[in-house]
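Given next are the chains, with one letter for each unit.
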Amino acid sequence: MKNSKLLSPFKSNSLSLNNHVVMAPMTRSRALDNTPNDIMATYYRLRASAGLIITEATSPSINGLGYPNIPGAYSDEQIAGWKKTTDAVHANGGKIFLQIMHTGRIAHTLNLPEGGEVLAPSAIQAAGEIFTNEGPKAHTTPRAMTLAEIEQAEEEFVQAAKNVVEAGFDGIEIHAANGYLAEQFINTGANQRTDKYGGSVENRTRFVIEIATKIANTIGSDKTGIRISPFSEFNDMLIFDDMRETYAYLVEQLNGLNLAYLHMAGMSPKIPEGYLQELGATFNGTVIYNGGLGYDLERAEKIVSENEDSLVSIGFPFISNPDLIERIAEGAELNEVDQDTMYSLGEEGYLTYPTLEKA
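For the structure given in this document, a descriptive report is provided here. Computed from a prediction, not measured in an experiment: that's the story for all the values here.

### What about the overall build of the protein chain?
Scanning the protein chain for helices and strands turns up 11 helices and 14 strands. For 359 residues, the compact-globule estimate of 2.2 N^0.38 gives 21 Å, and the protein chain sits close to it at 19 Å. If you line up the protein chain on its principal axes, its C-alpha atoms span 55 × 45 × 35 Å. Taking all 359 residues of the protein chain together, the buried fraction comes to 59%. Looking at the protein chain alone, contacts between residues at least 24 apart form 72% of all its contacts between residues at least 6 apart. Surface summary for the protein chain: the accessible area is close to 14200 Å², and the carbon and sulfur share equals 47%.

Next up, the structure:
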């Protein structure tokens, strides 16, 4: 691609990147015993040509490990494992943030280590099923968190952020999207509390704002990003009446923190036309747009050209094309994703996709 803004360097107050392309966070379920390992370090190293890598969702505590074989960021062994990834990516010239995610009610007790418990804002079971090592199961009905447990969860997010910065990450992304714990507080379909964390817009956004504030104050606002997904019904989220007001207020409050970026997921067909760009225009920093872009380079170019201080995150094509940036530059064809090995353990469908020189 000639004269591509997408492939040109990007610089903001917080980020200095080789291009405008972000590798979106994608669960890959290769962390046996919830601990990052050597093949994960290789996987991310091979994709270091992305302007920024955002890792798969990573739990800040044993209570947040709702899926099998997802990594954590709370033990010494996990941090040592993640250090292999950051060393590998940086040695290959890349930048990498870690996404911190607590699954909340999107969980099953079979997926939690001993002592873990399924917690959420309210004791409302999520519809649908979740994969376990015993096959698909209905989500476990969560126990409503006490105020003390909410404070503890916030501190777990903060400690995880400290841990991963010590492990060499360039920053962290708070996962406040896709129906997990942070968004469960925002959404009236999952939050029916009557205390200071429920009811009003201010109360339902309090958990997210408190986490963002505490993390930014601890590791630095320039190392703190956040992901949101308004108008998404993923993981049994409700499209509620004051959604526009809620997210307008949330972004207004986040503006006071000078975060590294706002990452907006836009895959839902329920998102009003132009809404994400309107919301993004109210944010006072870098906005990462993601919306099932796939390999629609014309649309990606349009986004970064028309929206100042913006980036585009791409998901699936990075799974099967570790050299996606090089393929974009050369206009090369893409490897197809093998759906059967998306979440299986081992190297197959993880480290086995060929690069251009090996194709």
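### A word on the sheet that holds strand 11 (residues 224–228)
Pairing is parallel around the closed barrel formed by eight strands, whose spatial order is 3-4-5-10-11-12-13-14. Taken over all neighbouring pairs, the strand axes of this sheet differ in orientation by 25° on average, direction set aside. Pairing of strand 3 (residues 21–23) with strand 14 (residues 310–314) involves three bridges; the strand directions are parallel. Its bridge partner lying in strand 14, Val22 is registered against Ser313. Lying over the sheet, helix 1 (residues 38–45) contacts strand 3, strand 4 (52–58) and strand 5 (96–100), oriented at roughly 150° with respect to strand 4.

### Quick word on the layout of surface pockets
In this structure, the largest pocket occupies an estimated 960 Å³ of space. Lining the largest pocket are 39 residues, and of these Met26, Thr27, Tyr180, Phe234 and Tyr343 sit closest to its centre. Sorting the residues of the lining of the largest pocket by element identifies strand 14 and helix 10 (316–320) as the ones contributing at least two each. Residues belonging to the lining of the largest pocket are distributed by class as follows: 21 nonpolar, 17 polar and one charged.

### Some words on helix 6 (residues 206–219)
Here helix 6 spans 20 Å end to end across 14 residues, near enough to the 20 Å set by a 1.5 Å rise per residue. Taken together, the buried residues of helix 6 touch helix 3 (147–166), strand 10 (171–176), helix 4 (181–186), strand 11 and helix 7 (243–255). Phi turns positive one or two residues past the end of helix 6, at Gly220, with a value near 110°.

### Considering the pairing of strand 11
Most of strand 11 sits out of view: five of its five residues are buried. Residues Thr224, Ile226 and Ile228 point to one face of strand 11 and Gly225 and Arg227 to the other, with burial holding for every one of them. By the bridge criterion, five bridges tie strand 10 to strand 11 in an arrangement that is parallel. Bridging across to strand 11, Glu173 finds its partner in Gly225. One ladder, built from four bridges, connects strand 11 with strand 12 (residues 261–265); its direction is parallel. Following the sheet pairing, Ile228 is matched in strand 12 by Met264. With helix 7 bridging strand 11 and the parallel strand 12, this β-α-β connection has right-handed handedness.

### Focus on the pattern of salt bridges
Taken as a whole, this structure holds 13 salt bridges when the rule is applied. For the salt bridge of Lys84 with Asp38, the shortest nitrogen-to-oxygen distance reads 2.9 Å. Pair noted here: Lys84 is in helix 2 (residues 76–91) and Asp38 is in helix 1, with a separation of 46 residues, a long-range link. One salt bridge connects Arg193 with Asp195, and the closest N-O pair in it is separated by 2.7 Å. Accessibility expressed as a relative area gives 12% for Arg193, which makes it buried. Through salt bridges that share partners, Glu117, Arg143 and Glu149 make up one connected network.

### Some thoughts on the nonpolar core
One finds Phe207, Ile215 and Phe318 to be the most contacted residues of the largest nonpolar core, which totals 80 residues. Per-element accounting of this core gives the leading share, eight residues, to helix 6. Those residues in contact with Ile215 that lie beyond four places of it in its chain are Phe157, Val158, Ala161, Ile172, Ile174, Gly220 and Thr224. Listed in part, the 12 residues of the second largest apolar core include Tyr67, Ile70, Val118 and Ala126.

### Examining the packing of helix 3 against helix 6
Axis separation between helix 3 and helix 6 bottoms out at 9 Å; the angle between their running directions is 35°. In the packing of helix 3 onto helix 6, the handedness of the crossing is right-handed. Counting all contacts with helix 3, which are made through Ile150, Ala153, Glu154, Glu155, Phe157, Val158, Ala161, Lys162 and Val165, the residues of helix 6 involved are Phe207, Glu210, Ile211, Lys214, Ile215, Thr218 and Ile219. Residues of the contact of helix 3 with helix 6, tallied by class, amount to 10 nonpolar, one polar and five charged.

### Focus: unusual backbone geometry
The phi dihedral of Asn69 falls on the positive side, at around 60°, and the residue is not glycine. Residue Asn69 is classed as buried on the basis of its relative accessible area of 17%. At Phe231, a position not held by glycine, the phi torsion is positive, near 65°. Mapping Phe231 onto the fold places it in the loop between strand 11 and helix 7.

### Looking at helix 1
Those residues of helix 1 that fall on the buried side of the exposure criterion are Ile39, Met40, Ala41, Tyr43 and Tyr44. Tucked into the core, helix 1 has its buried residues touching strand 3, strand 4, helix 2, strand 5 and helix 10.

Here is what the cut-offs are and how they apply
- Note on numbering: residues in each chain are counted from 1, in written sequence order.
- Selection of residues for local features in this predicted model requires a pLDDT of at least 70, selection of side-chain atom pairs for listing and counting requires 80 or more, and totals for whole chains, interfaces and linings are taken over all residues.
- Note: side-chain values were computed over all heavy atoms of the structure, leaving out hydrogens and water.
- Every helix listed is a DSSP run of H or I at least four residues long, and every strand listed is a run of E at least two residues long, numbered separately from the N terminus.
- Using C-alpha atoms as the atom set, the radius of gyration is obtained and then compared with a globule rule of 2.2 Å times the number of residues to the power 0.38.
- Relative accessibility decides the category of a residue: with a 1.4 Å probe and only protein chains considered, values under 20% of the type maximum give buried, values over 50% give exposed, and everything between is partly exposed.
- Here, two residues are considered to be in contact whenever any of their heavy atoms come within 4.5 Å of each other.
- What sets the accessible areas is the Shrake-Rupley method with a 1.4 Å probe; for residues, cover comes only from the shown protein chains.
- A pair of strands is labelled paired if DSSP reports no fewer than 2 bridges between them.
- Lines are fitted to the C-alpha atoms to define the axes, a helix being fitted only along its stretch in contact, and any angle between axes, read from their N-to-C directions, falls within 0 to 180 degrees.
- Only protein atoms enter the 1 Å grid, on which a cavity is a set of points fitting a 1.4 Å probe that cannot get out and a pocket is an open set with protein on both sides within 12 Å along at least 5 of 7 lines, lining residues being those with an atom within 4 Å of a point.
- Grid points are joined across faces, edges and corners, and a volume is the space filled by probe spheres set on the points.
- Throughout this entry, Asp, Glu, Lys and Arg are counted as charged residues, while Ala, Val, Leu, Ile, Met, Phe, Trp, Tyr, Cys and Pro are counted as nonpolar. The remaining residues, Gly among them, count as polar.
- In this scheme, a helix's expected span is set at 1.5 Å multiplied by one less than its residue total.
- If the strands point away from the viewer and the path from the first strand over the helix to the second runs clockwise, then the crossover is right-handed.
- Note on definitions: salt bridges are taken to be side-chain nitrogens of Lys or Arg within 4 Å of carboxyl oxygens of Asp or Glu.
- Here, the term nonpolar core denotes a set of buried Ala, Val, Leu, Ile, Met, Phe, Trp, Tyr and Cys residues that are joined through side-chain atoms within 4.5 Å.
- Here is the rule for handedness: rotate from the far helix to the near one, and if that takes an anticlockwise turn smaller than a right angle the crossing is left-handed, while a clockwise turn gives right-handed.

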